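Listed below, chain by chain, are the residues.
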Number of protein chains: 2
Amino acid sequence: MKWDALEEEPCSLARTVAVIGDRWSLLILRECFLRIRRFDEFQSSLGVTRHLLADRLKKLVRFGVLRKTPYQDAPKRYEYILTQKGLDLYPIIMSIVHWGNIHMVDARGRPLLHEHKNCHKMFDPVMVCSECGEPLTAKEVHVHPGPGARKSSPARAKAVENEAKR
Amino acid sequence: MKWDALEEEPCSLARTVAVIGDRWSLLILRECFLRIRRFDEFQSSLGVTRHLLADRLKKLVRFGVLRKTPYQDAPKRYEYILTQKGLDLYPIIMSIVHWGNIHMVDARGRPLLHEHKNCHKMFDPVMVCSECGEPLTAKEVHVHPGPGARKSSPARAKAVENEAKR
DNA sequence: TCCTAAAGTTCTATTTTAGAACTGTCAATA
DNA sequence: TATTGACAGTTCTAAAATAGAACTTTAGGA
């Protein structure tokens, strides 16, 4: 499967993966949320090759996640800023960081702590249900086909059926 | 940078990306949460090459995200089940799906709807602060070095400094 | 004139991935 | 008994992506 094919899949995960589902895009976005904006800053802070960095920035701009704006005119210089669409990726980034905090830290502990400016406390992100506000776990969620559903694979249909029986 | 190097980075995002930061791992995990368990089910439902599927399953088992258990003896057959560590990836998967639902759906609408068994309503996931319960946005979060921090790049140090001034 | 900075582009060598075919074990069928 | 089919992979070659380094362009300053 080609990357382009992913964008067409009738699956919100696949389509998002087409945008951010590679190593460097996610690391670039991490830097964006840490207020990194310029080509050379990304390059020195990530150690990514300049070739790939140029390619990924272009892709993120094409998908509307970053906006490329000039910050000086002579010579022309640009910086990359998160759009609202990009800012909306924050829960993804935070949930990835949180899983790493729980399952991947070494004896030294967490590399970063997060403070919520609202309540001035160090916090962890928690995912809750928009309707009842309770924390979510995989086992408490049931999946239904939505208006954009297409016929799913036999294997998945069987799995859904098995789940419904329980 | 090699994939192995990512695991060593003093960054919870980089370390998590070392586990799930490629296209196929995320798609495999999506199927896992939809109760897909067996090699051929993954293969036919994803269209991934068998070679890569074998490789990614091995990797996910190595990292403790999946457990490979026999479900019959003659001939030996195995299935791949999410461990608790794997189940803990649910917020990542859900926040990816949610972003896709908001920013990547076409005119047909969402492919899947999610029902919360607790409150029996269709819901969206919301990320909130563990301390005050308010929804989180990037701009309301301030970052501090934690016990596992290492000296960061000059570019990032400057960016953090700039942010502190505001 | 030469040096530096920023933001890329170009080049070759190495790794990964795609796509298809092949292997081995066992059960059920003809 | 021979054949077919399911399952869980492995092996092969060709194509694509990535790493690492050098090069380019535009302009300001020593």
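Please refer to the structure higher up on the page.
Residues numbered from 1 in each chain as written. Chains lettered and ligands numbered in written order. Predicted model: local features only at pLDDT ≥ 70, side-chain atom pairs only at ≥ 80, totals over all residues. Heavy atoms only, no water.

Participant: Sorry, what's going on with the packing of helix α3 (residues 23-33) of chain B against helix α5 (residues 50-62) of chain B here?
Facilitator: What describes two packed helices is the angle between their axes and the distance between those same axes. All names here are of chain B. Interaxial distance between α3 and α5 falls to 10 Å at its minimum, and their mutual angle equals 75 degrees. Viewed along their axes, α3 and α5 adopt a mutual orientation that is roughly perpendicular. The residues of α5 that touch α3, namely those facing Trp24, Ser25 and Ile28, are Leu52, Leu53, Arg56, Leu57, Lys59 and Leu60. Taken together, the residues of the contact of α3 with α5 break down into six nonpolar, one polar and two charged. (Axes fitted to C-alpha atoms, helices over the stretch in contact; angles between N-to-C directions. Helix = DSSP H or I, 4+ residues; strand = E, 2+ residues; numbered from the N terminus. Parallel < 35°, antiparallel > 145°, perpendicular 65-115°, else oblique. Contact = heavy atoms within 4.5 Å. Nonpolar A, V, L, I, M, F, W, Y, C, P; charged D, E, K, R; others polar.)

Participant: Hey, could you run me through the nonpolar core in this one?
Facilitator: Soluble globular proteins tend to bury their nonpolar side chains together. Within the largest apolar cluster, 91 residues are counted, with the highest numbers of intra-cluster contacts made by Leu13 and Val65 of chain A together with Leu13 and Val65 of chain B. Apart from the residues within four sequence positions on either side, Leu13 of chain A is in contact with Leu26, Leu27, Arg30, Ile93, Ile96 and Val97 of chain B. (Core = buried A, V, L, I, M, F, W, Y, C linked by side-chain atoms within 4.5 Å. Buried < 20%, exposed > 50% of the residue type's maximum accessible area, 1.4 Å probe, protein only.)

Participant: Quick question: what am I supposed to make of the environment of Pro135 of chain B here?
Facilitator: Here Pro135 of chain B is to be found in the loop between β5 (125-129) and β6 (141-145). You can call Pro135 of chain B partly exposed: its relative accessible area is 45%. It is 28 Å that separates the C-alpha atoms of Pro135 of chain B and Thr83 of chain B, two residues lying 52 residues apart in sequence. Aside from chain neighbours lying at most four places away, what touches Pro135 of chain B is His116 of chain A together with Val126, Met127, Val128 and Glu140 of chain B.

Participant: Mind showing me how you'd approach the packing of aromatic side chains here?
Facilitator: Overall, the coordinates contain two aromatic pairs over all chains when judged by the stated rule. Pairing Phe33 of chain A with Tyr90 of chain A gives two aromatic rings, centres 5.1 Å apart and planes at 50 degrees, and the pair type is tilted. Here Phe33 of chain A is found in helix α3 (residues 23-33), whereas its partner Tyr90 of chain A is found in helix α7 (residues 90-103), with 57 residues between them in sequence. By relative accessible area, Phe33 of chain A is classed as buried at 12%. If you follow Arg23 of chain B out to its NZ or CZ, it ends over the ring of Trp3 of chain A, 4.2 Å from the centre. Above the plane of the ring of Tyr71 of chain B lies Arg38 of chain B, whose end atom (NZ or CZ) is 3.6 Å from the centre. (Phe/Tyr/Trp six-rings, centres within 6.5 Å; stacked < 30°, edge-to-face > 60°. Lys NZ or Arg CZ within 6 Å of the ring centre and 35° of its normal.)

Participant: Looking at this structure, I do not really get the protein's contact with DNA strand D. What am I missing?
Facilitator: In the vicinity of DNA strand D lie 22 residues, with Arg56 of chain A together with Arg50, His51, Arg77 and Tyr80 of chain B positioned nearest. Across the atoms of DNA strand D situated within 4 Å of the protein, the share located in sugar and phosphate is 58%. Here a phosphate oxygen of DNA strand D sits 3.0 Å away from a polar atom, N or O, in the side chain of Tyr71 of chain B. At 2.7 Å from a phosphate oxygen of DNA strand D is found a side-chain nitrogen or oxygen belonging to Tyr80 of chain B. Those elements giving two or more residues to the surface near DNA strand D turn out to be α3 and α5 (50-62) of chain A together with α4 (39-46), α5, β1 (66-72) and β2 (77-82) of chain B. The element contributing the most residues to the surface near DNA strand D is α5 of chain B, with four residues. (Near = heavy atom within 4 Å. Polar contact = N/O pair within 3.5 Å; in protein donor to acceptor, adjacent residues only side chain to side chain.)

Participant: Can you walk me through the side chain of Asp22 of chain A in this structure?
Facilitator: Mapped onto the elements of the fold, Asp22 of chain A is located in the loop between α2 (12-20) and α3. Among the polar contacts listed, one links the side chain of Asp22 of chain A to the side chain of Arg56 of chain A, at a separation of 2.7 Å. Sequence-distant contacts of Asp22 of chain A, defined by excluding residues within four places in its chain, comprise Trp3, Arg56 and Lys59 of chain A together with Gly21 of chain B.

Participant: Can you walk me through the interface of chain B and chain A in this structure?
Facilitator: Think of interface size as the accessible area that goes away when the parts come together; that is how it is often given. On the chain A side, the residues contacting the 99 residues of chain B number 99 residues. Interface of chain B and chain A: buried area, both sides summed, is about 9,300 Å²; carbon and sulfur atoms make up 65% of it. Considering only the surface of chain B that becomes buried against chain A, Leu13, Arg23 and Trp99 of chain B emerge as the three largest contributors, covering 8% of it. For the interface between chain B and chain A, the tally reads six salt bridges. Taking the shortest distance from any N to any O, the salt bridge between Arg15 of chain B and Asp106 of chain A comes out at 3.0 Å. Our count for the contact surface shared by chain B and chain A stands at 39 residue pairs in polar contact (both at pLDDT 80 or more). Here the element with the most residues in the side of chain B that touches chain A is helix α7 (residues 90-103) of chain B; it accounts for twelve residues. For the side of chain B that touches chain A, a count of residues per class yields 52 nonpolar, 20 polar and 27 charged. Across five bridges, strand β5 (residues 125-129) of chain A lies against β5 of chain B in antiparallel orientation. The residue bridging Pro125 of chain A from the neighbouring strand is Cys129 of chain B, located in β5 of chain B. (Buried area = accessible area lost by both parts, 1.4 Å probe. Salt bridge = Lys/Arg side-chain N within 4 Å of Asp/Glu carboxyl O. Pairing = 2+ DSSP bridges.)

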